[in-house]
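Residues per chain are reported as follows:
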Amino acid sequence: MNRPDLWFTIAAMALLTFALRASFLLAADRLVLPPLLGRSLTYVPPAVLAAIVLPALAQPSGVGVGPFDLRLLAGAVAGVVAWRTRSILATFAAGMVTLWGLTWLLR
Amino acid sequence: MRVHRPSFLSGLRDVAPMLLGAAPFGLITGASAVAAGMAALEITLMSATVFAGAAQLAAIALLSAGAAVWVVLLTTLMVNLRHVMYSAALAPSLRSESLGARAAMGAVLVDHIYAFASLRFARREPDLVRRDYVLGMGLPMWLTWTCATAAGAFLGAQVPASWQLDFAVPLMFLALLIPSIRNRPGLVAAITGGGLALALGGLPFNLGLVIGALTGIAAGTAAERVAATYSQRRVR
């Protein structure tokens, strides 16, 4: 990672995030949210998060073959746990334990 | 500026269970940032100034994959766009606060704080000082998040690479993604966004992520419209 780029990225992310959060609080009189945009915002989290997760999980990790890639399998287990429990901690635990278990079995 | 203590404490009481959830999330974020090559100081500073878990994890994953800075910023914009919705929803209730107070509340307007604030403001409690209620949630949450990330970064530096802690990043996103799918249009948005990003994974600058996400948002919005017209027809 390039250091000057990283520092710039952190500062820009901070300003951008603040601008989004403070937008209407600071300028409600001058800003209007178009209704179509307001409705679209509901679908930002599922679309963006899925676009981040799927490629990350499908990336070959070098252990296991094709659909039996260890990280993909551990991700699938974690996905089911996330769906049933809705808990961040349980999802994390299920995914990591599955990954460790499979790595240990195949060693 | 006097702080109305009961309102501040009321905020603290509401947010306390959330702190228990934010602490391990921060620990994991700090540890996985170090696993991805960031320094402890860098990720701690990022937590203190950006204060947005999902956006930070996305940035960590993208930066360690060598993505361009503008792709990281565009992803931050998309991941955090929902905060505009929160800001717009709370603005009418906070119009009478000073400019500085509104800026301070904007800085801490994360998901859970928005959810509690909209709930409590709707009850129109006469004794609740809204500014102090919001800051009573925001300050402890910010402190917890920043300290937990720092602790995670220092602990994570001791963890050997064989533990594969970098896998925590996609796991965290999975834990955020699944509850965000609340209905069928949401599922359409997720499948379109994820599928397209996967198919376009070979594009430079992680452009597949950007194209997939934007198409997914459009697909979800369109699906909502189709579902609405369909259910109207059925009623007739």
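Conventions used here
- Residues numbered from 1 in each chain as written.
- Chains lettered and ligands numbered in written order.
- Predicted model: local features only at pLDDT ≥ 70, side-chain atom pairs only at ≥ 80, totals over all residues.
- Heavy atoms only, no water.
- Domains from an automatic or database assignment.
- Phe/Tyr/Trp six-rings, centres within 6.5 Å; stacked < 30°, edge-to-face > 60°.
- Helix = DSSP H or I, 4+ residues; strand = E, 2+ residues; numbered from the N terminus.
- Buried < 20%, exposed > 50% of the residue type's maximum accessible area, 1.4 Å probe, protein only.
- Lys NZ or Arg CZ within 6 Å of the ring centre and 35° of its normal.

Asks: Please explain the domain arrangement of chain A as it appears in this structure.
Replies: Often, the extent of an interface is quoted as the loss of accessible area on bringing the components together. Here chain A is partitioned into domain 1 (1–32) and domain 2 (35–107). On a C-alpha basis, the centres of domain 1 of chain A and domain 2 of chain A stand 28 Å from each other.

Asks: When you look at the packing of aromatic side chains in this model, what are you seeing that I'm missing?
Replies: Working definition: an aromatic ring pair is given by the centre-to-centre distance plus the angle between the planes. Scanning the model with the defined rule gives three aromatic pairs over all chains in all. Seen from their ring centres, A:W100 and B:W163 are 6.0 Å apart, and the 70 degrees between their planes marks the pair as edge-to-face. Separated into two different chains, A:W100 in helix α5 (residues 88–105) and B:W163 in the loop between α8 (130–156) and α9 (168–180) make up a pair that spans both. Looking at A:W100, the relative accessible area reads 35%, which means it is partly exposed. On the accessibility criterion, B:W163 (43% relative accessible area) is partly exposed. Aromatic pair B:Y86 and B:Y114: ring centres 4.2 Å apart, planes at 5 degrees, arrangement stacked. In this pair, B:Y86 sits in helix α5 (residues 82–90) while B:Y114 sits in helix α7 (residues 111–122), placing the two residues 28 residues apart along the sequence. The exposure class of B:Y114 is partly exposed, given its relative accessible area of 22%. Above the ring of A:W83, the side-chain terminus of A:R84 is found at 4.9 Å from the ring centroid. Sitting over the ring of B:F121, B:R130 keeps its end group 4.8 Å from the ring centre.

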